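Coordinate analysis (summary)
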Amino acid sequence: MFEIKYRDNGSNARAGELKLYHNSVKTPVFMPVGTNGVVKTFFPKELYEMDIEIILSNSYHIYLRPGMDVIKKANGLHKFSAWNRNILTDSGGFQVFSLSKIVKIKNDGVEFRSHIDGSKHFLTPGDVVEIQKTIGSDIMMVLDHCTPPNISYEKAKEALDTTTRWASLSRDYYKNNIDTNRQRQFGIVQGNFFKDLRERSANELINLDFDGYAIGGLSVGETKDVFNDIISFTAPILPVDKPRYLMGVGTPEYILTSVEAGIDMFDCVFPTRIARNASVLTKYGRLNMRNEKYKFDESPVDESCGCYVCKNFSKSYIRHLFKANEISASRLASYHNIYFMKSFMDRVRESIISSNFAEFKREFLSSYLVNGS
RNA sequence: GGGAAGAUUGCCGAGUGGUUAAAGGCGACAGACUGUAAAUCUGUUGACAUACGUCUACGGGGGUUCAAAUCCCUCUCUUCCCA
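Predicted model only: the values in this text are computed from it and were never measured.

1. Regarding the overall build of chain A
Counting its secondary structure elements, chain A contains 15 helices and 16 strands. For chain A, the spread of C-alpha atoms along the three principal axes comes to 60 × 50 × 40 Å. Across the 373 residues that make up chain A, the buried fraction comes to 57%. Taking all contacts inside chain A whose residues are at least 6 apart in sequence as the whole, residues at least 24 apart take part in 67%. When the accessible surface of chain A is summed, it comes to about 15,800 Å², and 48% of that surface belongs to carbon and sulfur atoms. Taking the average place of the 48 positive charges on the side chains of chain A and the average place of its 44 negative ones, the gap between the two points comes to 4 Å.

Written out as structure tokens, the structure reads:
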């Protein structure tokens, strides 16, 4: 299922290929996020033309709306959304964290109120696997308990115990009810910012023999140093021959750090969200297309970018679309940002293959960090 | 010709004697965004000054008052109604 093709000499970085039900995925990979069954502003064909091989969707959101009856009738999310490549679905574990005001952690699952209509729901780890079975996820994530920074060791340990218990229940349900050749399942390492808990979490999950391992609970507000410390500790203790997925990350600089630590997969709302808020990613860092300085700027967003947007439109025009609140502004910026991330990941992969990852990283950052970012 | 209402800081628009450089909205300027309750959110927006502050401001002019965007007189303009 997962094959490592190249390893970097000076770091834990690796380039591989992940064979999933719909198609194979070259790693390291960035997965665009399509929470509601759509990568916001995109048609599937626009993602195909960029060679996007896998996107992420969200069980929690799909379960609440449109609801599993609709997905079942449509024969799964792929058909429903006209996306015929891979889908990884998050479990809703992150919503346990981000919607914590309306979510209660119980021993055997989560109780929550719908953020849409306030209705009460309860889901066990097995229910979440079942939801992802109906969705038809190529990779399903286990239900986990994601925690914020600055909680006590005791709280972190408690959340970790919950995560492990749920992981075990999820794995059992998966093995008994799922076509394991068609749908894969990843566990999620938690443990907050305590290394011994991270290690313990990793070992407990490894015992359950997942198809891949994710690291959760990072990039939730901690400093870059803390992030670096935890990722460089946690990634290498995960099985070398299984895909490693860092959830919710990220920006190019965080991805470089993480690839170096041995991470293969990423997802993040960042490029699409900031695009809708007028920020574009370029060789020279992030630019805010609303800024007055682009009013008469006839140059493309990024001279070195080969995307449709950069080949056809000026900063001045894109600024105008944002100022005029035109929906195409979001579309153009999103298209460019996803293209940027894809081509960035391609270059990361190539640099690993040609054994100059370290040099690529240094060179990329020397330009990218010019504008801060 | 007669009658009525009104003119507020880039725009719209609150405010009817003193906590008013003046609500709120829009616009403008800038910032944030990391497993998406986000086409969202935050800040600034009279001038000068890093700042303490100092000026100039509610159509023009003139009054009343310790104090006026708010009261009085007058002029100019705008809108509406009746002829």
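2. Some words on empty space enclosed by the protein
Applying the stated criterion across every chain, the model contains two cavities of 30 Å³ or more. Of the pockets and cavities examined, the largest cavity occupies roughly 100 Å³. Every residue along the wall of the largest cavity is listed here: Lys26, Pro28, Val29, Phe30, Asp51, Ile52, Glu53, Met341, Lys342, Met345, Asp346 and Arg349. Broken down by element, the residue count for the lining of the largest cavity peaks at five residues, all from helix 14 (residues 327-353). For the lining of the largest cavity, a count of residues per class yields six nonpolar, no polar and six charged. By volume, the second largest cavity amounts to about 60 Å³. Listed by contribution, the elements that provide at least two residues to the lining of the second largest cavity are helix 5 (93-98) and strand 8 (109-113).

3. Remarks on the sheet that holds strand 3 (residues 24-27)
Taken together, the three strands give an open sheet; going across it, the order is 1-2-3, and neighbouring strands pair in antiparallel fashion. Each having just a single partner strand, strand 1 (2-7) and strand 3 make up the two edges of the open sheet. Looking at each pair of strands side by side, their axes are set apart by 15 degrees on average, direction ignored. Pairing analysis gives five bridges linking strand 1 to strand 2 (residues 14-19), with the strands arranged antiparallel. By the bridge assignment, Phe2 is partnered in strand 2 with Leu18. The strands touched by helix 14 within the sheet are strand 1, strand 2 and strand 3, with strand 2 carrying the most contacts at an inclination of about 115 degrees.

4. Brief notes about the pattern of salt bridges
Evaluated as defined, the whole model comprises 17 salt bridges. Arg200 serves as the salt-bridge partner of Asp161, at 2.6 Å between the closest nitrogen and oxygen. Of the two residues, Asp161 is situated in helix 7 (residues 153-177) and Arg200 in helix 8 (residues 195-207); the sequence distance between them amounts to 39 residues. Among the residues examined, Arg200 registers a relative accessible area of 28% and is labelled partly exposed. A salt bridge links Lys242 to Asp209; the shortest N-O distance between them is 3.2 Å. Here Lys242 is found in the loop between helix 9 (224-234) and strand 13 (244-246), whereas its partner Asp209 is found in the loop between helix 8 and strand 12 (212-215), with 33 residues between them in sequence. The structure contains a network of salt bridges with shared partners spanning Lys26, Asp51, Glu53 and Arg85.

5. Describing the sheet that holds strand 14 (residues 265-268)
If you trace the eight strands from one edge of the open sheet to the other, you get 4-14-13-12-11-10-6-5, paired in parallel fashion. Both outer strands of the open sheet, strand 4 (29-32) and strand 5 (54-58), are each paired with one neighbouring strand and no more. Ignoring which end each strand starts from, the neighbouring axes of this sheet average 25 degrees apart. By the bridge criterion, two bridges tie strand 6 (residues 86-90) to strand 10 (residues 139-141) in an arrangement that is parallel. Bridged to Leu88 within strand 10 is Ile139. Strands strand 6, strand 10 and strand 11 (184-189) of the sheet are contacted by helix 6 (residues 125-135), whose axis makes an angle of about 155 degrees with strand 10.

6. Here we look at the protein's contact with RNA strand B
In the region of RNA strand B, 42 residues are neighbours, and Cys146, Met247, Gly248, Val269 and Lys323 sit closest. A breakdown of the atoms of RNA strand B within 4 Å of the protein gives sugar and phosphate a share of 49%. Separating a phosphate oxygen of RNA strand B from a side-chain N or O atom of Asn291 is a distance of 3.1 Å. Taking Glu292, its main chain carries an N or O atom lying 3.1 Å from a phosphate oxygen of RNA strand B. Only strand 5, helix 5, strand 14, helix 11 (270-276), strand 16 (285-288) and helix 13 (315-323) provide two or more residues apiece to the surface near RNA strand B.

7. Details of the environment of Asp196
As for its position among the elements, Asp196 is in helix 8. Since its relative accessible area comes to 42%, Asp196 is described here as partly exposed. Distance from Asp196 to Lys157, taken between C-alpha atoms, is 10.0 Å for residues 39 residues apart in sequence.

8. Topic: the nonpolar core
Grouped together as the largest cluster of nonpolar side chains are 107 residues, with contacts concentrated most on Tyr245 and Phe344. The element best represented in this core is helix 14, accounting for eleven residues. Leave out the neighbours within four places in its chain, and Tyr245 touches Met31, Leu56, Leu88, Met141, Phe186, Tyr213, Ala214, Ile215, Ile263, Met265, Phe266 and Asp267.

9. So, the packing of helix 7 against helix 8
At their nearest, the axes of helix 7 and helix 8 sit 10 Å apart, and the two run at 10 degrees to each other. Considering their axes alone, helix 7 and helix 8 lie roughly parallel with respect to each other. Where helix 7 approaches helix 8, its residues Tyr153, Ala156, Lys157, Leu160, Asp161, Thr164 and Ala167 are matched on the opposing element by Asp196, Leu197, Arg200, Ser201, Glu204 and Leu205. Residues of the contact of helix 7 with helix 8, tallied by class, amount to six nonpolar, two polar and five charged.

Criteria and cut-off values
Residues numbered from 1 in each chain as written. Chains lettered and ligands numbered in written order. Predicted model: local features only at pLDDT ≥ 70, side-chain atom pairs only at ≥ 80, totals over all residues. Heavy atoms only, no water. Helix = DSSP H or I, 4+ residues; strand = E, 2+ residues; numbered from the N terminus. Buried < 20%, exposed > 50% of the residue type's maximum accessible area, 1.4 Å probe, protein only. Contact = heavy atoms within 4.5 Å. Areas by Shrake-Rupley, 256 points an atom, 1.4 Å probe, with all protein chains shown as cover. Lys, Arg positive; Asp, Glu negative; His and termini not counted. Charge placed at Lys NZ, Arg CZ, Asp CG, Glu CD. 1 Å grid on protein atoms, 1.4 Å probe; cavity = no way out; pocket = protein on both sides within 12 Å on 5 of 7 lines; lining within 4 Å. Points joined across faces, edges and corners; volume = space filled by probe spheres on them. Nonpolar A, V, L, I, M, F, W, Y, C, P; charged D, E, K, R; others polar. Pairing = 2+ DSSP bridges. Axes fitted to C-alpha atoms, helices over the stretch in contact; angles between N-to-C directions. Salt bridge = Lys/Arg side-chain N within 4 Å of Asp/Glu carboxyl O. Near = heavy atom within 4 Å. Polar contact = N/O pair within 3.5 Å; in protein donor to acceptor, adjacent residues only side chain to side chain. Core = buried A, V, L, I, M, F, W, Y, C linked by side-chain atoms within 4.5 Å. Parallel < 35°, antiparallel > 145°, perpendicular 65-115°, else oblique.

That is the geometry; function is a separate question.
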